[in-house]
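The chain contents come next:
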Amino acid sequence: MAEKAELRIGGDVIELDVIVGTEGERAINIEELRSKTGLITLDPSYANTGSCESSITFIDGEKGILRYRGYDIAELAEKCTFLETAYLLIEGKLPTREELDKFRESIRYHTMVHEDFRLFYRAMPKDAHPMAACSAACASLATFYPDSLDPRDPREVEVGVHRLIAKLPTIASYAYKHAIGQPFMYPDNRLSYVGNFLHMMFATPCEPYEVDPVVERALDLLFILHADHEQNCSTSTVRIVGSSHVNLFASISAGINALWGPRHGGANQGVIEMLQAIAEEGITAKDFVDRAKSRNDTSRLVGFGHRVYKNFDPRAKIIKKACFDVLARLGVNSKLLEIAVELEELALKDDYFVERKLYPNVDFYSGVIYNAIGTPESMFTAMFAIGRLPGWIAQWAEMHDHQHKIGRPRQVYQGANERSVQTIDER
Ligand code: CMC
């Protein structure tokens, strides 16, 4: 017998179905609540609200578990590349060698952007944030590719998906080249997905550029760890925007904007700025931790805390190890890494952080790696976006398969009751 929940409202009792997920999560299904009772639920930041049933990513925040399509993140990080992971998220299965080759070929085929894109960047100030450029450029793909806009046509969707995965690194690297006044580099399709991105970021037409395999693997790993994270702010944005049946490019552009925020993907830039400020201003790690705890100071310990993880963030564990490996292999001595370790040690022993279950999240060490491989801070979040793209796409596609109504939350109105308008002379 399926489990039921009873809701008592005044003298009435109604029964609601309890849905059980494949990992035992239980949810009260309130789809018919309003039609049966006239009531709605109120949950402003959705901490208690499931917006969908999904088979893409599983997180157990209490146990620190993250799995894509059933595979543990640590195992994927060890055994797969980012493109294999992207295929897994989007297609629901790990690819065979043949399937992966075909996928990779199709991505390679689409890496170039229209030549007129150069003009698009020229219209932006040199200090335009890459996330603004990426989101605008991503939305504008809809104007260049009118043949891949229909979200209900599988062939158009497939082409749109491959175009987006292929072009986002090109778009992001051009934002950087524009900012520093260097020529845009055409993609080099002999390189891997990540190698090509590094080439477009750091090569110039004047000098030979060799992709460093240590850096290439580190970035591939970071992309895998960022590839999906179920119904976070940007993913929920992509789903709700997509539910209007707007095209994929516009939906992803909205997700890029959501990711930009300092409480979301923007935190990786925030971490490095925080570490640099500590290093430059000579503040001690202890003083900074005290500041982050103070009610009179709005600073937070950036890279700490997570809405879902209340034990540890499994991505942070992997990234911390990768951070030490990469820096050692590159022979980089990082003052910022020393400060990060000190902050982490202090916070993990501090009652304020312990009581609130605040642990290092995915962004705490990723910025140190980006920094060590020569990436400017402003590009960190754009790189997170490249990593998160397959997840957004998979979630967008799943939403189209399962959700047939436009996403449209309700509200509890708390404003003025009806009143009449006074003319301007009466006011
Ligand atoms: N430093 C100091 N205090 C914090 C922090 C922090 N990093 N994070 C949360 N708190 C405190 C917060 O002040 C509140 O205290 P109190 O109960 O006394 O008012 C309590 O912990 C709960 O915080 P919250 O903001 O209600 O928790 P949330 O689950 O809504 O927020 C979060 C999660 C990630 C937005 C938040 O922890 C935060 O702002 N962290 C810093 C930014 C960051 O690192 N973001 C990256 C998240 S992971 C990658 C991603 O999602 O893109």
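Computed from a predicted model, the values in this text were never measured in an experiment. (Residues numbered from 1 in each chain as written. Predicted model: local features only at pLDDT ≥ 70, side-chain atom pairs only at ≥ 80, totals over all residues. Heavy atoms only, no water.)

Colleague: Which residues make up the site of the ligand, and what are the values?
Modeller: Near the ligand you find 22 residues, and of these His264, Arg295, Arg300, Leu301 and Gly303 are the closest. Here an oxygen atom of the ligand sits 2.7 Å away from a polar atom, N or O, in the side chain of arginine 295. Burial of the ligand by the protein chains amounts to 77% of its free accessible area of 940 Å². Elements with a contribution of two residues or more to the shell around the ligand: helix 16 (351–355) and helix 17 (362–372). Taken together, the residues of the shell around the ligand sort by class into 10 nonpolar, six polar and six charged. (Near = heavy atom within 4 Å. Polar contact = N/O pair within 3.5 Å; in protein donor to acceptor, adjacent residues only side chain to side chain. Areas by Shrake-Rupley, 256 points an atom, 1.4 Å probe, with all protein chains shown as cover. Helix = DSSP H or I, 4+ residues; strand = E, 2+ residues; numbered from the N terminus. Nonpolar A, V, L, I, M, F, W, Y, C, P; charged D, E, K, R; others polar.)

Colleague: So what's going on with the sheet that holds strand 6 (residues 71–72)? Which residues, and what values?
Modeller: Here we have three strands laid out as an open sheet, ordered 4-5-6, and antiparallel in their pairing. Of all the strands in the sheet, the pair left with one neighbour each is strand 4 (57–60) and strand 6. Here strand 4 runs beside strand 5 (residues 65–68); their pairing, made up of four bridges, is antiparallel. Of the residues in strand 5, the one forming a bridge with aspartate 60 is isoleucine 65. (Pairing = 2+ DSSP bridges.)

Colleague: Could you give an account of helix 17, naming the residues involved and the relevant values?
Modeller: The α-helix winds at 3.6 residues per turn, so residues separated by three or four positions along the chain end up facing the same way. Among the 11 residues that make up helix 17, 10 are buried, leaving the element largely enclosed by the rest of the structure. Where helix 17 is concerned, the buried positions are Val362, Asp363, Phe364, Tyr365, Ser366, Gly367, Val368, Ile369, Tyr370 and Ala372. Of the surrounding elements, those touching the buried residues of helix 17 are helix 9 (213–226), helix 12 (267–281), helix 14 (314–330), helix 15 (335–349) and helix 18 (380–402). The opening residue of helix 17 is asparagine 361, an N-cap whose side-chain oxygen sits 2.9 Å from the backbone nitrogen of aspartate 363. Positioned one or two residues after helix 17, glycine 374 has a phi angle of 85°, which is positive. (Buried < 20%, exposed > 50% of the residue type's maximum accessible area, 1.4 Å probe, protein only. Contact = heavy atoms within 4.5 Å.)

Colleague: An account of the packing of aromatic side chains is requested, with residue identities and associated values reported.
Modeller: Under the criterion given, the structure shown has 17 aromatic pairs. Geometrically, the ring pair formed by phenylalanine 117 and tyrosine 121 is tilted, given 6.3 Å between the ring centres and 45° between the ring planes. With phenylalanine 117 and tyrosine 121 both in helix 5 (residues 117–122) and four residues apart, the pair spans about one turn of that helix. When sorted by exposure, phenylalanine 117 lands in the same class as tyrosine 121, which is buried. Measuring from centroid to centroid gives 5.1 Å for phenylalanine 364 and tyrosine 365, while their planes differ by 90°, and the two rings are edge-to-face. Judged on exposure class, the residue phenylalanine 364 and its partner tyrosine 365 are both buried. Aromatic rings pair up to connect Phe117, Phe120, Tyr121, Phe144, Tyr174 and Phe184 into one cluster. The ring of phenylalanine 312 has lysine 317 sitting right over it, with the charged end atom 4.2 Å from the ring centre. A cation over a ring is seen here: arginine 356 above tyrosine 352, with NZ or CZ 3.8 Å from the ring centre. (Phe/Tyr/Trp six-rings, centres within 6.5 Å; stacked < 30°, edge-to-face > 60°. Lys NZ or Arg CZ within 6 Å of the ring centre and 35° of its normal.)

Colleague: Help me get a handle on the pattern of salt bridges, residues and values and all.
Modeller: When charged atoms on two side chains of opposite charge get close, those side chains can pair. In this structure the tally under the stated criterion is 22 salt bridges. Here glutamate 158 ties to arginine 155 by a salt bridge, and the two come within 2.6 Å at their closest N and O atoms. Taken together, the residues glutamate 158 and arginine 155, both in helix 7 (residues 154–180) and three residues apart, mark about one turn of the helix. We classify glutamate 158 as partly exposed; its relative accessible area is 36%. Assessed through its relative accessible area of 54%, arginine 155 is described here as exposed. Between arginine 217 and aspartate 220 there is a salt bridge, with its nearest N and O atoms 3.3 Å apart. Of this pair, arginine 217 and aspartate 220 both sit in helix 9, three residues apart, roughly one helical turn. (Salt bridge = Lys/Arg side-chain N within 4 Å of Asp/Glu carboxyl O.)

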